[in-house]
Amino acid sequence: MTRIKAIQLFTLLLLIAVATTVIVYRWQRSTSGIASTMDAIASTDRINNEQTHSSASPAQQAGAHFVEAVSVDADNFNPIYTTNPTSLTVIRKIYPSLVGQDPFTGANNGSALAETWHFSDDGETITFTLHKDLQWSDGQPITAEDLRFTYALIRDPVVSSPYQQNFANVENLEVIDDQTLQVHLRTPDCTIFQTFRQPILPAHLYQDDPSQFLKTDPSQQPTVGAGPFLYGDRSEGRISLTRNPLYRFDAPLVEGFEFRVIADVAQQLAALAEGTVDLVYLSAEQLAGVQAGPALELYTAPLDSLTFVALNLANPNHPQPGRADDGSLLPQEPHPILGTLAVRQAFAAGLDYRALLANGFSNQAVRTAGYLLPTITWAYNDDLSPSAYDPTRARDLLQNAGWVDQDGDGVRERDGIALRLTLLTNEDSAVRVRLAKLIQVQWQAIGVDLQLETVPFETLTQSLLAQRYDLVLVGWDTLGAEPANSDFWLSRQDLPLDTSVEESSGGANFVSYQNVAVDQWLDEARTAPNCDGGYRALRYRRVQERIHEDIPYIILGVPLQGWAYRAVWQGILPQPWQFDQNIQRWRRKP
């Protein structure tokens, strides 16, 4: 199951200190809220962008090459096959996609090949109209046939693309004319737009014939593109790109872009300090070791990642699906302790979040009230406040719920049963183990006998999906900017893994959350008429509010990520969803 596979490990990485000049977006919650702060920043940057474009264009810089450090080498540059992160980074600079993405909000926009799109009345047909005068680097026009050809290859079982499942809801592709493509869906689904960010191949290179593609060696280097850069050459540990003079947003000012493979982050930062590398990506823990200075600039933004404690709302000794065979809601036997809202509220109030983020992420993380990332600004509910640390309230809530320390041993009891629970996390994540130990101490302080178990990730995942646990410290990673990727609360996703059945895979709603209104809001948002952003945002905000009230997750925070780059470069205007969103404007200082 792809969403469950999205549960990833955080790796503890080496802390490195480098002299930098810090230019940081402020993601801390202000009196006007996260989204308001982000809107202000976006407004400023967009003004800067407009001023850059409205002023006289700087001259192209012969011999100027920008060098980015990457940790792993690419395998191939075929967008139909590769899942290699470096390969995909290179590909996105060479090949275009159908649907663009606002680099600040993550929303769909017309910055890619499609200028506009509209829906049929039943929502099952989307008609895309391309921008005019699009062309490949060899001068051939980009047409709807390029789109149909690429998508048909991915959908073809013979091709065996790892992206085939992304097109499972596509019934048919129809070229209306050179500028118009119709996509027929099996069911209305607003998440399909993320699928249309798949890089597009030039069909004319294969004579519009899939068999010609199949005869082509996947490792063959790209010869034609439509991105800001084109493939140049490749040598040991280096991948070189050259400026595309026909790029639709103007040819880049720099002559070339190079990726240099340096596995060790310490060596990447050393190369950055020496000036042999211009850009290095930094994890949250690496950010903690970066120091200010005159040579480099630093951009930080929330990572596409969420760390939380999952609370099992159902009896772990008797897991059952959220829906019966006839589709009706199946009432769950509640967890004997966590099934009570007051207990969950007490647990949320009993955590010192400031201490957790300081010790777990070296303060390189942001608090968030909801399960959606604050960088999904159009759908994020900024009216909610993150849970506050209030141990007195936590103790009162437990006391009023009948959990009392009768014998003075520091552990509360009710009806002769101790307030004893087990928290699981994966042993190979030093960050999570560190967080779990802190949580254990903090909850013990309010009278909880919390047992900590660190297990292999595979064991943790199996317990999580089988819903045979009390509490799990885990996270979601790389879900993207589409809120519907976070449908963790649907009752039909409440599918306990049955290890005795080979086909059983488990569902994303592993906390057994049930709420008819939330089911309705999520379904309405996914199938919204015309995928209207306002209609969808209202429903996602309602869901966040209800989840915030019911506490199936205790959200700890969103780690930060960063990019350190040399101050000799001008025009770099990074955004949360795309660091290189204006790469054609980058230039060296005179």
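Scroll up to find the structure this text is about.
Residues numbered from 1 in each chain as written. Predicted model: local features only at pLDDT ≥ 70, side-chain atom pairs only at ≥ 80, totals over all residues. Heavy atoms only, no water.

A. Expanded view of the packing of aromatic side chains. Within the structure shown, the criterion is met by 36 aromatic pairs. With a centroid separation of 6.1 Å and 70 degrees between ring planes, the pair formed by Phe128 and Phe193 is classed as edge-to-face. With Phe128 in strand β6 (residues 125-130) and Phe193 in helix α5 (residues 192-195), this residue pair connects regions lying 65 residues apart in the sequence. Just as Phe128 is buried, Phe193 falls in that class too. Site record: aromatic cluster; members linked through ring pairs are Phe66, Phe229, Phe257, Phe259, Tyr281, Tyr299, Trp563, Tyr565, Trp569, Phe579 and Trp586. If you follow Lys93 out to its NZ or CZ, it ends over the ring of Phe257, 4.9 Å from the centre. (Phe/Tyr/Trp six-rings, centres within 6.5 Å; stacked < 30°, edge-to-face > 60°. Helix = DSSP H or I, 4+ residues; strand = E, 2+ residues; numbered from the N terminus. Buried < 20%, exposed > 50% of the residue type's maximum accessible area, 1.4 Å probe, protein only. Lys NZ or Arg CZ within 6 Å of the ring centre and 35° of its normal.)

B. Up close: the nonpolar core. Counting residues in each nonpolar core, the largest one holds 66 residues, and the members touching the most others are Leu98, Phe128, Tyr151 and Phe196. Counting residues per element, this core draws most heavily on helix α4 (residues 144-155), at six residues. Here Tyr151 is in contact with Leu98, Phe167, Leu173, Leu181, Phe196, Gln198 and Ile200, once residues within four sequence places are set aside. Core analysis: the next-biggest nonpolar cluster, separate from the first, contains 62 residues, Val67, Phe308, Ala508 and Trp521 among them. (Core = buried A, V, L, I, M, F, W, Y, C linked by side-chain atoms within 4.5 Å. Contact = heavy atoms within 4.5 Å.)

C. Spotlight on helix α15 (residues 533-550). Taking 1.5 Å per residue as the helical rise, α15 with its 18 residues ought to reach 26 Å, and the 26 Å between its terminal C-alpha atoms agrees with that figure. Turning to α15, its buried residues are Arg536, Ala537, Arg539, Tyr540, Val543, Gln544, Ile547 and Asp550. Mapping the buried residues of α15 onto a view down its axis gives an arc of 165 degrees, with all of them on the same face. Tucked inside the fold, the buried residues of α15 contact α9 (341-349) and α14 (516-526). Capping the start of α15, Asp532 holds a side-chain oxygen 3.2 Å from the backbone nitrogen of Gly534, two or three residues further along. At the C-terminal side of α15, Ile551 shows a positive phi close to 55 degrees. (Expected span 1.5 Å × (residues − 1). Arc of directions from axis to C-beta. Polar contact = N/O pair within 3.5 Å; in protein donor to acceptor, adjacent residues only side chain to side chain.)

D. Here's a closer look at the sheet that holds strand β5 (residues 114-119). The four strands are arranged β5-β6-β8-β7 in an open sheet whose pairing can be described as antiparallel. Either end of the sheet is taken by a strand with one partner, and the two such strands are β5 and β7 (170-177). Each adjacent strand pair in this sheet contributes to an overall mean axis angle of 20 degrees, direction not counted. Where β6 and strand β8 (residues 180-185) come together, five bridges link them in antiparallel fashion. Considered in β8, the bridge of Thr125 is made with His184. (Pairing = 2+ DSSP bridges. Axes fitted to C-alpha atoms, helices over the stretch in contact; angles between N-to-C directions.)

E. Here's a closer look at the state of the cysteines. Tallied over the entire structure, the rule returns one disulfide. The disulfide partner of Cys190 is Cys531, and the S-S distance across this bridge is 2.2 Å. The sign of the -100 degrees torsion about the S-S bond sets the Cys190-Cys531 disulfide as left-handed. Residue Cys190 is located in the loop between β8 and α5, and its partner Cys531 is located in the loop between α14 and α15; the two are separated by 341 residues in the primary sequence. Of the two residues, Cys190 and Cys531, both sit in the buried class. (Disulfide = S-S within 2.5 Å.)

F. Region of the structure containing the pattern of salt bridges. Considering all chains together, one arrives at 16 salt bridges under this definition. Residue Asp73 is joined to Arg234 by a salt bridge in which the shortest nitrogen-to-oxygen separation is 3.2 Å. Here Asp73, found in the loop between β2 (61-70) and α3 (85-94), pairs with Arg234, found in strand β9 (residues 229-235); they are 161 residues apart in sequence, far enough to count as distant. Given a relative accessible area of 32%, Asp73 falls into the partly exposed group. One network of salt bridges, with partners in common, ties together Asp189, Asp487 and Arg526. (Salt bridge = Lys/Arg side-chain N within 4 Å of Asp/Glu carboxyl O.)

G. Summary view of helix α13 (residues 457-466). α13 sits mainly inside the fold: seven of its 10 residues count as buried. Within α13 the residues assigned to the buried category are Phe457, Leu460, Thr461, Ser463, Leu464, Leu465 and Ala466. Positive phi appears at Gln467, one or two residues downstream of α13, with a value of about 60 degrees.

H. Local environment of empty space enclosed by the protein. By the definition in use, this model includes one cavity of 30 Å³ or more. Along the walls of the largest cavity sit 14 residues, with Asp304, Tyr371, Leu373, Leu479 and Ser486 positioned nearest its centre. (1 Å grid on protein atoms, 1.4 Å probe; cavity = no way out; pocket = protein on both sides within 12 Å on 5 of 7 lines; lining within 4 Å. Points joined across faces, edges and corners; volume = space filled by probe spheres on them.)

I. Region of the structure containing the pairing of strand β10 (residues 238-243). Sheet topology note: the β9/β10 ladder contains six bridges and is antiparallel. Bridge pairing links Arg234 to Ile239 in β10. Bridge count between β10 and strand β11 (residues 254-261): five bridges; the pairing is antiparallel. Note on β11: the bridge partner recorded for Ile239 is Phe259.

J. Broad picture of the environment of Ile126. By the secondary structure assignment, Ile126 is in strand β6. Accessibility expressed as a relative area gives 1% for Ile126, which makes it buried. Between the C-alpha atom of Ile126 and that of Tyr513, which follows or precedes it by 387 residues, the distance is 33 Å. Among residues more than four places away in sequence, those in contact with Ile126 are Trp117, His118, Phe119, Leu181, Gln182, Val183, Leu185, Ile192 and Phe193.

K. View of the packing of α14 against α15. Between α14 and α15, the least distance of the axes is 9 Å, while the angle of their chain directions is 155 degrees. Overall, the two elements α14 and α15 adopt an arrangement that is roughly antiparallel. In the crossing of α14 with α15, the sense of the turn from one axis to the other is left-handed. Contacts from Ala517, Val518, Trp521, Leu522, Glu524, Ala525 and Arg526 of α14 reach α15 at Tyr535, Arg536, Arg539, Tyr540, Arg542, Val543 and Arg546. (Parallel < 35°, antiparallel > 145°, perpendicular 65-115°, else oblique. Left-handed = near helix turned anticlockwise from the far one by under 90°.)

L. Here's a closer look at the pairing of β2. Burial within β2 is extensive, with seven of its 10 residues counted as buried. Pairing analysis gives seven bridges linking β2 to β11, with the strands arranged parallel. Looking across to β11, one finds that Phe66 is bridged to Phe257.

M. Main features of the packing of helix α10 (residues 353-361) against helix α12 (residues 430-444). One can describe the packing of α10 onto α12 by two numbers: an axis separation of 9 Å at closest approach and a directional angle of 150 degrees. Here α12 runs roughly antiparallel to α10, going by the angle between their axes. The handedness of the crossing between α10 and α12 comes out as right-handed. Residue-level inspection shows Ala355, Leu356, Asn359, Gly360 and Phe361 of α10 in contact with α12, the latter providing Val431, Arg434, Leu435, Leu438, Ile439 and Gln442. For the contact of α10 with α12, the per-class residue count stands at seven nonpolar, three polar and one charged. (Nonpolar A, V, L, I, M, F, W, Y, C, P; charged D, E, K, R; others polar.)

N. Spotlight on the environment of Ser219. By the element assignment, Ser219 lies in the loop between α6 (210-215) and β9. Along the chain, Ser219 and Asp75 lie 144 residues apart, while their C-alpha atoms are 7.7 Å from each other. Side-chain polar atoms of Ser219 contact the side chain of Asp217, separated by 2.9 Å.

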